Amino acid sequence: MSFTAHELEDKILNKEMKVEEVVGLYLDRINKLDSKLEAYLYIAQDEAIKKAKELDSKLASSSQDVGGLFGIPVSVKDNISVSDMQNTCGSKILEGYTSPYDATVIEKIKNEDGIMLGKLNMDEFAMGSSTEKSYFKTTKNPWDLERVPGGSSGGSAAAISSGEAALSLGTDTGGSIRQPAAFCGVVGIKPTYGRVSRYGTVAFGSTLDQVGPITKDVEDCALLTQYISGIDDKDSTTANVKVPDYSKSLNKDIKGKKIGVPKEYLEYGIDENVLKCIMEAIEVFKENGAKIEYCSLPFSKYALADYYVIGCAEASSNLARFDGIKYGYRSKNYKDAVDIYIKSRSEGLGEEVKKRIMLGTYVLSKERYDTYYKKALKVRNLIKKEYADIMKKFDAIICPATANTAFKIGEREKDSIAMYMSDLYIVPSNMAGVPSISVPCGMANGLPVGMQIISGYFREDVLFNLAYSFEQCTNWHKLTPNI
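All values reported here derive from a predicted model rather than from experimental measurement.

Novice: Which residues make up helix 11 (residues 351-364), and what values go with them?
Specialist: The α-helix winds at 3.6 residues per turn, so residues separated by three or four positions along the chain end up facing the same way. A rise of 1.5 Å per residue sets the reference length of helix 11, with its 14 residues, at 20 Å; its end C-alpha atoms lie 20 Å apart and thus fit the reference within 8%. Buried within helix 11 we find E352, V353, R356, I357, G360 and V363. Burial along helix 11 is one-sided: seen end-on, the buried residues are contained in an arc of 135°. Exposed and facing more than 90 degrees away from the buried side of helix 11 are E351 and M358. Residues of helix 11 that are buried make contact with helix 9 (303-318), helix 10 (337-348), helix 12 (369-393) and helix 13 (416-420).

Novice: So what's going on with the pairing of strand 4 (residues 167-171)? Residues and values would help.
Specialist: A large share of strand 4 lies buried, amounting to five of its five residues. Residues L167, L169 and T171 point to one face of strand 4 and S168 and G170 to the other, with burial holding for every one of them. Pairing of strand 2 (residues 73-77) with strand 4, which is carried by three bridges, proceeds in the parallel orientation. Bridge assignment links V76 to a residue of strand 4, and that residue is L169.

Novice: Tell me about the packing of helix 7 (residues 218-228) against helix 15 (residues 460-472), and name the residues and values.
Specialist: Geometry of a packed helix pair, given as the angle between the helix axes and the separation of the axes. Running from N to C, helix 7 and helix 15 cross one another at 155°; their axes reach a closest spacing of 9 Å. Considering the angle they form, helix 7 stands roughly antiparallel to helix 15. Judged by residue contacts, V218, E219, C221, A222 and T225 of helix 7 engage F464, A467, Y468 and E471 from helix 15. Of the residues assigned to the contact of helix 7 with helix 15, the class counts are six nonpolar, one polar and two charged.

Novice: Can you break down the sheet that holds strand 1 (residues 40-43) residue by residue, with the values?
Specialist: Pairing within the open sheet is mixed, and its 11 strands lie in the order 1-3-2-4-6-5-10-11-9-7-8. Each edge of the sheet is formed by a strand with only one pairing partner; in this case those strands are strand 1 and strand 8 (291-295). The average angle at which neighbouring strand axes cross in this sheet is 30°, direction not considered. Where strand 1 and strand 3 (residues 115-120) come together, three bridges link them in antiparallel fashion. Following the sheet pairing, Y42 is matched in strand 3 by K119. Packed on one face of the sheet, helix 5 (residues 154-162) meets strand 1, strand 2, strand 3, strand 4 and strand 6 (211-215) and runs near 160° to strand 4.

Novice: Got a sec to walk through the packing of aromatic side chains? Specific residues and values, please.
Specialist: Each aromatic ring pair is characterised by the separation of its centres together with the angle its planes make. Inspection of every chain in the model, using the stated rule, returns 14 aromatic pairs. Measuring from centroid to centroid gives 6.2 Å for F299 and Y302, while their planes differ by 45°, and the two rings are tilted. Ring pairs connect the aromatic residues Y97, F125, F322 and Y327, which therefore count as one cluster. When the ring centre of Y329 is taken as reference, the NZ or CZ atom of K92 above it lies at 4.9 Å.

Novice: Requested: an account of the side chain of T402, with residues and values cited.
Specialist: Within the fold, T402 resides in the loop between strand 9 (396-400) and helix 13. At a separation of 2.7 Å, a polar atom in the side chain of T402 contacts the main-chain carbonyl oxygen of N404. With sequence-adjacent residues up to four places away left out, T402 is seen in contact with Q179, A182, F183, V274, S422, Y425 and G450.

Novice: Which residues make up the UniProt feature "active site" (unreviewed entry) in the chain, and what values go with them?
Specialist: When the UniProt feature table is mapped onto this chain, "active site" (unreviewed entry) is found at K77, S152 and S176. The largest pairwise C-alpha distance within this set of annotated residues, which runs over 100 residues, is 11.1 Å, so the set is compact in three dimensions. Its place among the elements puts K77 in strand 2. In this structure K77 comes out as buried when scored by relative accessible area, which is 0%. Residues in contact with K77, not counting those within four places in the same chain, are K119, L120, M122, A126, S152, S153, S156, L169, G170, T171 and S176. Tracing the sequence through the fold places S152 in the loop between strand 3 and helix 5. Beyond its immediate sequence surroundings of up to four residues, S152 is in contact with K77, N121, M122, D123, A126, M127, G128, T131, T171 and S176. A polar contact is formed between the side chain of S152 and the side chain of K77, at a distance of 2.7 Å.

Novice: Tell me about the pattern of salt bridges, and name the residues and values.
Specialist: Tallied over the entire structure, the rule returns 21 salt bridges. With a shortest N-O distance of 3.0 Å, D102 and K110 are connected by a salt bridge. Here D102 falls in the buried class, since its relative accessible area comes to 14%. With a relative accessible area of 30%, K110 lands in the partly exposed category. Note that D389 and K385 form a salt bridge whose closest N and O atoms lie 2.8 Å from each other. You can see D389 and its partner K385 sitting in helix 12, four residues apart, about one turn around the helix.

The rules we used
Residues numbered from 1 in each chain as written. Predicted model: local features only at pLDDT ≥ 70, side-chain atom pairs only at ≥ 80, totals over all residues. Heavy atoms only, no water. Helix = DSSP H or I, 4+ residues; strand = E, 2+ residues; numbered from the N terminus. Expected span 1.5 Å × (residues − 1). Buried < 20%, exposed > 50% of the residue type's maximum accessible area, 1.4 Å probe, protein only. Arc of directions from axis to C-beta. Contact = heavy atoms within 4.5 Å. Pairing = 2+ DSSP bridges. Axes fitted to C-alpha atoms, helices over the stretch in contact; angles between N-to-C directions. Parallel < 35°, antiparallel > 145°, perpendicular 65-115°, else oblique. Nonpolar A, V, L, I, M, F, W, Y, C, P; charged D, E, K, R; others polar. Phe/Tyr/Trp six-rings, centres within 6.5 Å; stacked < 30°, edge-to-face > 60°. Lys NZ or Arg CZ within 6 Å of the ring centre and 35° of its normal. Polar contact = N/O pair within 3.5 Å; in protein donor to acceptor, adjacent residues only side chain to side chain. UniProt positions renumbered as here; feature names shortened; annotations may be inferred. Salt bridge = Lys/Arg side-chain N within 4 Å of Asp/Glu carboxyl O.

Next up, the structure:
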């Protein structure tokens, strides 16, 4: 499937293709590929076909307006609530749970006539960098089925890369949209914290989580970001900041734009072939008229450690609700209420999740609060200030999304530190809350390489402008895996 979402929409509105035909193409693709790719946890076949027929009837009636995502199949990470569909978060403890309501981002997509195609695999409760931590299955990278697609939104990236979805949504707490997008050779954006509502998304780290699109190209990414953004009275952390028309940012003109290249991001054990791709991408920006200057973000080296203190502390609090009482898995053998809590959580949660809950509980304890958690908050403020200051000088900064290409399944399973280091370059944006996009910028070792572009608060328009300009001068986004 080589169509982009905007190409499909044009074909539908011009009546070159029916919506039911489009949905059928994606369902056929899923049925053909997903047994070996394992990107989906739930395929909404009947629901999607029914909705497609309704939209075809709607289009036949010229008196009715059509939405901005008319007839486009959208697949969703399985921690974002879709009414009457499962919402497992990749965990045994939520196996069989069905959401009774739509997340705000899903409401917005449905209001624009998008079609829910299914729910996608993920690391349990979004805690992981490879999608190997799902209770249900391990998703494969479409470029090499022996390699991981990244995580925790690995199912979302793999589905787009393989043509199993036209658009997808993921969540990004510490790079979980951008890292899998880089590994799978697609586009993924983490919007500014507060740009997109988190209502209806199961929380991992409440001050870090952000919902965002994973797509085939920058135009699709701008399209979906446009329709899911905006203030939401159900989420007090959304910002009352006007959402610009991102389509106006999709032009090649970047003459005079000032771009910083942090030297620290080129020094942390980066693969020489990945570095080569990044340096070649920098030359493209120069040729397009941007001014490139090397700069420094010294506090970035503390971001990963800071993330694991704050993220685990928030996870410890957020996951306390999964106790075997209200919903989800309950142990069958228990003596009393306390025994239900202990056994249900011990049996229902995976090792990575329990590890992070324990670490979070530890740093929040009375004895350790000042030593770890309070200090981590101070370091986070320094990281935020550093990014705010650097964005006064530059329109954006560019750097690698990851230090390496996708690693083999099982390669880092027993080495937690190596796994965590997968997020080294992408965590700082979450700590600062700034928007960041990953776009394909080359191939290394036969696998995709992602370049990260970071801008100031609520300047997603700058990201789309720079990313689109680069994309129009290269063909990396057009490459597809042979699967």
